[in-house]
Amino acid sequence: MRNSTCLLQPSLATTVVLPVIYSSLSPAGIFGNILAVWTLSRRAPTKRTQYIYAANLVTANLLVCSTMPFLAVYFSKGYQWTYGSAACSIANHLGTLVMHVSMYVTIIILCLIALSQYATLKKNSDAQYSQAVNENFYRCVLKKFSQPKFAKYLCIVIWFTVLCITATAITYNVLERTMVEFQRCYNIKVEAGDFTTMIAASLATVCFFISFMTVLLSYYCLTRHLSKIQKTSCIGEKHLIYSTVKRNILVIQMILTVCFLPYHIFRPIFYVLLTNNDCPMLNYLVEIKNFLTCLAAAKSSLDPVITLLLDKTFKKRLYGLFTKPTPEHHKRKADVFTEESQNV
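This is a predicted model, so every value here is computed, not measured.

Asks: Describe the overall build of the protein chain, with residues and values.
Replies: A tally of helices and strands in the protein chain yields 11 helices and zero strands. Taken from the N to the C terminus, the helices and strands of the protein chain come in the order α-α-α-α-α-α-α-α-α-α-α. For the protein chain, the residues scored as buried account for 46% of the 344 residues in total. Sequence separation of at least 24 residues holds for 84% of the intrachain contacts in the protein chain that already meet a minimum separation of 6. Accessible area for the protein chain stands at about 17,700 Å²; split by element, carbon and sulfur atoms hold 68% of it.

So this is what it looks like as structure tokens:
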């Protein structure tokens, strides 16, 4: 049984460092993602598959960034609030709902972006394969992920499914949790959750590792695919597109590894160690969990910076927004769209 009588004693790391980090990440992330939305809406073809995935990804990023001020207040003042107060309900329950829904939508869409880019390259490949095997595999599994209509409906299903699972777990815990007048908002039951939270967390962890392994497999298959191309044909200008996509999938893998993997490795350990009755140890576990959650949330603020550094097309679009149009710029814009139509 979990020790529900243990009173959490937040340290300066929780009451000062976490609020400062969230308060810094929030405005930077909101500005960067709004700029990304503006750039995409003005310059990108709205019917492209990659645009649909990118638009959903930016939406999830904005939602995560919008919850950061609430989380900053919760960690700085939550240990002073009584459980059941309006401030506790808004900052914790609503913030937790939006944060986790957006986080797992982000993870799944990153996986879909990797699959979509790999599927597009498989479709346009000039390598000599067994046509029957290649066509069957592509038609049955990969082709759908590069179709805009499928991408649109798939994103709707993902948002709805993640929202229902998360909302059900949080609502059940709120209704079943015993209300005690002196119980603080920042307590072990809120931080650890109840049985339904553990079930939802287990499903979310499985979802993450499936997405993680799918992106890893996509990168491996693409690397193997490029190796075969190099053996059967000369590397020309067209194959630079393959290298770009390979780099993009690698970046997605690195994001999942750096931002999300530590949290999902630690969470099963967290629930196992909660059976311990050592209060100081439980305090450390909760603080580690909260910092790893912050690391995962930081991805939403850093995403526009990563895109700016790696995506040459995004750089050209962004540059075009702040420069006066000239004949050379119009030609450059036409070249960008020509390049995009060839790439995806």
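Asks: Run through the packing of aromatic side chains, naming residues and quoting values.
Replies: Taken as a whole, this structure holds seven aromatic pairs when the rule is applied. Considering the side-chain rings of Y74 and Y186, the 6.0 Å spacing of their centres and the 50° angle between planes classify their relative orientation as tilted. Separated by 112 residues along the polypeptide, Y74 in helix 2 (residues 49–77) and Y186 in the loop between helix 5 (148–176) and helix 6 (188–192) bring together distant segments of the chain. Ring geometry for F266 versus F270: centroids 6.0 Å apart, planes at 35°, classification tilted. A residue pair is termed a helical-turn pair when its members lie 3 or 4 positions apart in one helix, as F266 and F270 do in helix 8 (residues 239–273) at four residues.

Asks: An account of the state of the cysteines is needed here, citing residue identities and associated values.
Replies: Applying the stated criterion across every chain yields a total of one disulfide. The residue that forms a disulfide with C88 is C185, at a sulfur-sulfur distance of 2.0 Å. On the S-S bond that ties C88 to C185, the torsion sits near 80°, and the link is right-handed. With C88 in helix 3 (residues 86–123) and C185 in the loop between helix 5 and helix 6, this pair connects stretches of sequence that are 97 residues apart. Residue classification places C185 among the buried residues on the basis of a relative accessible area of 0%.

Asks: Please set out the environment of N173 residue by residue, giving values where relevant.
Replies: Inspection of the secondary structure assignment puts N173 in helix 5. Note: C-alpha distance between N173 and G193 (20 residues apart in sequence) is 7.1 Å. What N173 contacts, discounting residues up to four positions off in sequence, is D194, T196 and T197.

Asks: Describe the pattern of salt bridges, and please don't skip the residues or the numbers.
Replies: Across all of its chains, the model carries two salt bridges by this definition. When the shortest N-O distance is used, the salt bridge between E191 and K289 registers 3.2 Å. Taken together, the residues E191 in helix 6 and K289 in helix 9 (residues 279–310) connect sequence positions 98 residues apart. With respect to burial, E191 and K289 carry one shared label: buried. Residues D303 and K299 are paired through a salt bridge, measuring 3.3 Å at the closest nitrogen-oxygen approach. Of this pair, D303 and K299 are both found in helix 9, four residues apart, which corresponds to roughly one turn of the helix.

Asks: Tell me about the nonpolar core, and name the residues and values.
Replies: Across soluble globular proteins, nonpolar side chains have a tendency to be buried as a group. Among the nonpolar cores identified, the biggest contains 80 residues, and Y22, Y53, Y74, V105, L256, F260 and F270 are the most heavily contacted of them. Looking at this core, the element that brings in the most residues is helix 3, giving 19 residues. For F260, the contacting residues outside a window of four places in its chain are M103, T106, I107, L110, F208, I255, A296 and K299. Within the second largest apolar cluster, five residues are counted, among which are A36, L40, Y51 and A54.

Asks: Lay out the UniProt feature "transmembrane region" (unreviewed entry) in the protein chain in plain terms, naming residues and giving numbers.
Replies: The feature "transmembrane region" (unreviewed entry), as given by UniProt, occupies residues 20–40, 52–74, 94–115, 153–175, 195–222 and 249–270 in the numbering adopted here. Annotated as residues 20–40, this span is 100% helix and 0% strand, and its ends, taken at the C-alpha atoms, are 30 Å apart. The span residues 249–270 shows a helical share of 100% and a strand share of 0%, and its end C-alpha atoms are spaced 30 Å apart.

About the criteria used
Residues numbered from 1 in each chain as written. Predicted model: local features only at pLDDT ≥ 70, side-chain atom pairs only at ≥ 80, totals over all residues. Heavy atoms only, no water. Helix = DSSP H or I, 4+ residues; strand = E, 2+ residues; numbered from the N terminus. Buried < 20%, exposed > 50% of the residue type's maximum accessible area, 1.4 Å probe, protein only. Contact = heavy atoms within 4.5 Å. Areas by Shrake-Rupley, 256 points an atom, 1.4 Å probe, with all protein chains shown as cover. Phe/Tyr/Trp six-rings, centres within 6.5 Å; stacked < 30°, edge-to-face > 60°. Disulfide = S-S within 2.5 Å. Salt bridge = Lys/Arg side-chain N within 4 Å of Asp/Glu carboxyl O. Core = buried A, V, L, I, M, F, W, Y, C linked by side-chain atoms within 4.5 Å. UniProt positions renumbered as here; feature names shortened; annotations may be inferred.

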